[in-house]
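Take a look at the letters that make up each chain.
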Amino acid sequence: MELDNGKIIHDLCKKLWPINRSITGDGVRKTLQIIQNELPGLTINEVPTGTQCFDWKVPKEWNIKNAYIIDPTGCKIIDLKDNNLHVVGYSIPIKKVMTLSELQCHLHSLPDQPNAIPYVTSYYKESWGFCLSDNQRQSLVEGQYKVCIDSELTDGYLTYGELIVPGKRKEEILLSTYVCHPSMANNELSGPTVTTYISKWIQSQPREYTYRILFLPETIGSICYISKNLMHLKKYVVAGYVLTCIGDDRAYSYLPSRSGNTLSDKVAKHIFENMYSDVICYTYLDRGSDERQYCSPGVDLPVASLMRSKYLEYPEYHSSLDDLELVTPSGLFGGYNMTKSIIESLECNKSYKPSQLCEPQLGKRNLYPNLSTPKTTKLVENRMNLLAYADGVVDLIDIANILKVCILDLHSEAIILEEAGLLIEC
Amino acid sequence: MELDNGKIIHDLCKKLWPINRSITGDGVRKTLQIIQNELPGLTINEVPTGTQCFDWKVPKEWNIKNAYIIDPTGCKIIDLKDNNLHVVGYSIPIKKVMTLSELQCHLHSLPDQPNAIPYVTSYYKESWGFCLSDNQRQSLVEGQYKVCIDSELTDGYLTYGELIVPGKRKEEILLSTYVCHPSMANNELSGPTVTTYISKWIQSQPREYTYRILFLPETIGSICYISKNLMHLKKYVVAGYVLTCIGDDRAYSYLPSRSGNTLSDKVAKHIFENMYSDVICYTYLDRGSDERQYCSPGVDLPVASLMRSKYLEYPEYHSSLDDLELVTPSGLFGGYNMTKSIIESLECNKSYKPSQLCEPQLGKRNLYPNLSTPKTTKLVENRMNLLAYADGVVDLIDIANILKVCILDLHSEAIILEEAGLLIEC
Amino acid sequence: MELDNGKIIHDLCKKLWPINRSITGDGVRKTLQIIQNELPGLTINEVPTGTQCFDWKVPKEWNIKNAYIIDPTGCKIIDLKDNNLHVVGYSIPIKKVMTLSELQCHLHSLPDQPNAIPYVTSYYKESWGFCLSDNQRQSLVEGQYKVCIDSELTDGYLTYGELIVPGKRKEEILLSTYVCHPSMANNELSGPTVTTYISKWIQSQPREYTYRILFLPETIGSICYISKNLMHLKKYVVAGYVLTCIGDDRAYSYLPSRSGNTLSDKVAKHIFENMYSDVICYTYLDRGSDERQYCSPGVDLPVASLMRSKYLEYPEYHSSLDDLELVTPSGLFGGYNMTKSIIESLECNKSYKPSQLCEPQLGKRNLYPNLSTPKTTKLVENRMNLLAYADGVVDLIDIANILKVCILDLHSEAIILEEAGLLIEC
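S.K.: Got a minute to help me understand the overall build of chain A in this structure?
M.R.: The helix and strand inventory of chain A stands at 13 helices and 18 strands. When its C-alpha atoms are laid out on the principal axes, chain A stretches across 95 × 40 × 35 Å. By sequence separation, contacts in chain A at least 24 residues apart represent 80% of the contacts at least 6 residues apart.

S.K.: Looking at this structure, how should I read the interface of chain C and chain B?
M.R.: In this assembly, 23 residues from chain C lie in contact with 22 residues from chain B. When contributions to the side of chain C that touches chain B are tallied by element, the ones reaching two or more residues are β17 (352-354), α10 (374-377) and α11 (382-389) of chain C. Among the residues making up the side of chain C that touches chain B, the classes are represented as 9 nonpolar, 9 polar and 5 charged.

S.K.: For this particular structure, what's the right way to read the packing of helix α11 (residues 382-389) of chain B against helix α13 (residues 407-419) of chain B?
M.R.: Between two packed helices, both the angle of their axes relative to each other and the distance between the axes serve to describe the pair. Residue and element names in this part refer to chain B. α13 packs onto α11 with a crossing angle of 70° between their chain directions and a minimal axis gap of 10 Å. Considering their axes alone, α11 and α13 lie roughly perpendicular with respect to each other. Touching N382, R383, L386 and L387 of α11 are L410, E413, A414 and L417, all from α13. Residue classes in the contact of α11 with α13 are distributed as 5 nonpolar, 1 polar and 2 charged.

S.K.: So what exactly am I meant to see when it comes to the domain arrangement of chain A here?
M.R.: Where interface size is quoted, it is often the accessible area lost as the parts come together. Residue and element names in this part refer to chain A. Per the domain assignment, the segments making up chain A are domain 1 (4-59 + 157-348), domain 2 (62-154) and domain 3 (352-425). Using only C-alpha atoms to locate each centre, domain 1 and domain 2 end up separated by 31 Å. Counting from both sides, the interface comprises 14 residues of domain 1 and, opposite them, 16 residues of domain 2. Taken together, the residues of the side of domain 1 that touches domain 2 break down into 5 nonpolar, 8 polar and 1 charged.

S.K.: Is there a simple way to explain the relation of the copies chain C and chain B in this structure?
M.R.: Both copies of the chain are related by a screw-like operation: a rotation about an axis and a shift along it. Mapping chain C onto chain B calls for a rotation angle of 120° and an axial translation of 0.1 Å; the resulting RMSD is 0.1 Å. These values place the two chain copies in the arrangement generated by a three-fold rotation axis. Considering only C-alpha atoms, the part of chain C nearest the rotation axis is C:N261, at 13 Å.

S.K.: Could you clarify how one ought to interpret the interface of chain C and chain A in this entry?
M.R.: Contacts between the two partners involve 22 residues from chain C and, on the opposite side, 23 residues from chain A. Contributing elements (two or more residues each) for the side of chain C that touches chain A: α6 (220-236) and α8 (291-294) of chain C.

S.K.: What should I look at first to understand the sheet that holds strand β5 (residues 76-79) of chain B in this one?
M.R.: In a beta sheet, neighbouring strands pair by backbone hydrogen bonds and run either parallel or antiparallel. Residues and elements named next belong to chain B. Read across the sheet, 4 strands follow the order β5-β4-β9-β6 without closing on themselves; strand pairing throughout is antiparallel. Looking at the sheet topology across the chains shown, the edges are occupied by β5 and β6 (94-99). Adjacent strand axes in the sheet meet at a mean angle of 15° when their direction is disregarded. Both strand β4 (residues 61-70) and β5 contribute to a ladder of 3 bridges, which runs antiparallel.

S.K.: Where do I start with the packing of helix α7 (residues 263-275) of chain B against helix α12 (residues 396-403) of chain B in this structure?
M.R.: All names here are of chain B. Where α7 contacts α12, the two axes come as close as 11 Å, and the packing angle between them is 35°. With respect to the hand of their crossing, α7 and α12 are arranged in left-handed fashion. Where α7 abuts α12, its residues K266, V267 and H270 lie against I397, A400 and N401. Looking at the contact of α7 with α12 residue by residue, the classes come out as 3 nonpolar, 2 polar and 1 charged.

S.K.: Could you clarify how one ought to interpret the sheet that holds strand β6 (residues 94-99) of chain A in this entry?
M.R.: All names here are of chain A. Pairing is antiparallel across the open sheet formed by 4 strands, whose spatial order is β5-β4-β9-β6. Both outer strands of the open sheet, β5 (76-79) and β6, are each paired with one neighbouring strand and no more. Averaged over all adjacent pairs, the angle separating strand axes in this sheet is 15°, with direction ignored.

S.K.: Got a minute to help me understand α13(B) in this structure?
M.R.: Residue and element names in this part refer to chain B. Between the first and last C-alpha of α13 there are 18 Å, a value that for 13 residues agrees with the 18 Å anticipated at 1.5 Å per step. Those residues of α13 that fall on the buried side of the exposure criterion are I407, L410, E413, A414 and L417. Burial along α13 is one-sided: seen end-on, the buried residues are contained in an arc of 115°. The exposed residues of α13 that point more than 90 degrees off its buried face are D409, S412, I415 and E419. Summarising the contacts, the buried residues of α13 are in contact with α7, α9 (329-348), β17 (352-354), α11, α12 and β18 (423-425). Positive backbone phi, approximately 80°, marks G421, located one or two places after α13.

Conventions used here
- Residues numbered from 1 in each chain as written.
- Chains lettered and ligands numbered in written order.
- Predicted model: local features only at pLDDT ≥ 70, side-chain atom pairs only at ≥ 80, totals over all residues.
- Helix = DSSP H or I, 4+ residues; strand = E, 2+ residues; numbered from the N terminus.
- Contact = placed C-beta atoms within 7 Å.
- Nonpolar A, V, L, I, M, F, W, Y, C, P; charged D, E, K, R; others polar.
- Axes fitted to C-alpha atoms, helices over the stretch in contact; angles between N-to-C directions.
- Parallel < 35°, antiparallel > 145°, perpendicular 65-115°, else oblique.
- Domains from an automatic or database assignment.
- Least-squares fit on C-alpha atoms with pLDDT ≥ 70 in both.
- Pairing = 2+ DSSP bridges.
- Left-handed = near helix turned anticlockwise from the far one by under 90°.
- Expected span 1.5 Å × (residues − 1).
- Buried ≥ 20, exposed ≤ 12 C-beta atoms within 10 Å, placed from the backbone.
- Arc of directions from axis to C-beta.

Structure (structure tokens):
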């Protein structure tokens, strides 16, 4: 698969950029259809408004056709067509003339970032509003404003995508990303696009594990999904990651599972220690995406988060500045490769035991130099160390950690020794 | 309950000061009667001389009416009425004329602290002696001395006080202090007086735990008490503290249980880390009071010690300098408040689990702001964290330690969430 | 037993020095017979060529009578009689005239150590060769060389020595050393000679444990021995050490067992921390002797290695420079004493529990001062601490580690308290 150093992933971002997504509605559907074009196995699922999901109910479906503000001079100063962020998410319909001071109560801007349009939503309390740059807001003049939001809140559906990629084992790796933010790049499009291309790569490889790959609206989507699949997830998911904010060129970031001690954490930390010098490791106290649901008490799934610049921690977060210049081909490609290395490590992290006791005679198998000199004696290498530690209890990452080598390097020796009949997979 | 910043506790010390206590005898009885006036539920118990207590026997009861030394000039230079420390504890009766050099073998003074009268006892070997300041000792002249100790060693009783304050649970918190030292303030009166007022406070509050509060002679008293109550203590006591040397204005000190890992240790350490900046933490190697019995192998009770300046570690220890100027109202009040905070923490240190899975919808209960902006999103606070970690396994202190907050602050959030039906006590 | 500061051990090295040992053959037999003179209980065992030992077969027996090279001028420039290292171990017989360039393919020297004759073997691939100093090699002239190796590779035996010294318990301490290198001192003779004198000392003492003491050819010998005794070893061996390179005057070195957590490791580390300031602690990654077999997965014996300058880590290793000037009487005596201290610690590392609950009354047994003064009160010493910690769960080393004292000092107090009936061995 040729990703052209991430340009292909960036192109998919561009295609998804204009769509006005929210936690429900046609924006999610269109997004999932485009992803389905790339991943034909993806199923698109609809859960009706009002469906109870633990403490929550699936909300009404929100769609919006048009929204604008016309100023006292008759000029259309705000138009949804210019930027999806201009309207507060889940705004109720409104068509009214009002004074500037009435209007101000419904405007949102960022005085500290006067060029940025903020991203604001009000999913669970009826409200309406517009977002604009603080510069524009300061220029508004007194007078009567015509305000229109042509939106609909109707009984409908919550929509999510699910792709199951079967492997040799019933045990599953869960990947979860979200498709509920309008035109933003790192905190939205990087997640589903990297996940799409990781899914293609997974499908192209022989697999130990079964993969469960989810494209959901954040929070209500994962809660809904967990409520429908709890027993299965608890039984089969052995590791999992939320992929979010994984497309800029700055940091690599990691947020562990609640316990910090799961297979997901073990594998990710191993890869970071061996392949990356600069990963920012957050704690579960810094959580903020769907790991909040996957790791919640009683759900207890082993899910961590893979990121580049973490949500809430970069200045462009949740504003119009989080765009397709911030997210780059190389940034997306870096996120893709980190995720790929972690999945490769999961796949090869097996436990081995010896086929017989004591050191095997490697010489007769041409796996060891025959002539003993001070120098050859000193060749106690990965191969010998693997044989010395593989006891059927520790796994390959445990051994790699002892040897201070990367599992992806040690794995090749494991294959040689397994093929020579000296190690047996447990 | 109004303690007038500790003045009330200090007044009780003054009332108990003149009584000549030892490990048995009327001094203990009078002391316990005064405490019983404050704590009407206190029972005063008598164990006969000769009663076997594991490796020990309750000794004869010791009482003393009079003791003095008259010097060669006819002057009464030492008189028990002047200071209870003048006579070696458990001195046998003597009435004799002797030379200075004979007398010297029975005198105790502290050359390094020439103004101090030392405190000396000889409970288990028949002996007699006088204690005096080294200054006075140096002034003694040659000649014949009249020596009189009008004491009695008779079959009698060992006396101790016990107060049981029932709570909702059968599980018990043990508090233990001692009443066997004559006129000394930090290493004696601070313990029973702070314990008296802590007991009053416990009685005035709703309680989870049952409290077992003991006023004993040190060592033989706790051994005797354990021997009579071993099975009950091992079954019900979940935490406990020895209160001693808890009335001066200098340090706060802590001595852990033998294992260092009990609930008593966990709670005390949490309070020290969150409310005190300067607690001296000793190890069990520094032990020296009744925790030696409560934590002894096979007894294994979870008992630690709460102190201000620890016995053996301050210069006035076991001498006439340990007086009611060293122990102050504010010193006693500080010891009282530390103990109170630890007990409050024990009381509220419960385990909670969620009433349902995944995050609850706080907004519909007015427990979370409805408008999502970058700033409100960042409000991941105690309430959210408590919901994220309360899994029915960890307790409130475990969560408080993760959040680096004090349990007494977190507890209020737990109550809110419990009342909202979101958390259930396990 | 009088070792004359190690001179006696050094004398035994001198006696064993001239013998031409290999992994099989008469050199091993002669060596074991000399050791048997010192240890009459030693049995000498023979395992036939071809015997299957897990992945290995006992090789043919190798003996050599004569070997030399005559140079073009008729001068015998290399003669086995001058140095056993001159012939590559397990060289096949050869008698041939050849050019210098043909001969060069069969010569081994060390350009970096031009005076040293290297030690080279080829046990499992048919080959022949000579070892010489690089200085001599550089002086060789063109022409025809007469080359003779009068060796034999025949069906015979692998020979090893085994000494069982019974103790009170069936549980065993394993000591293992090797007898397969020709004339080298630290990496050969120090091991069997120190082990011989340690065995004599063990036999001279009352013992808790049974001792299993092995003198084997390295690798094939231990594999062979384990294959014949696996179940017994796994059932009874509670600790063990390989003794090797234990005779020079430089470092003390330690190589732990695979887990690093066994009784062997615990005892050795305790002795190092309390009696030695400068032990080099290697990891199991640095392994290289028979612990490779004893600790191999599935064998899992608790075996570590005791050394002075470790194999592979000193410049004279595996060359003619590893001689009886490098290994000294004081070096051997130091290795002997370290081993002895570790075995003494193993022997006295018991668990004790109290005979009754609470502190015993030491005074009535004359085990504690009767007069209580500030100073005597402070005498909380080893005896009191031992009573305070001995709970039948922790062992004497655990307690010694808490007290930061050496078990060999604490042991005397344990004996006193056991004899006084206050502690009971568990």
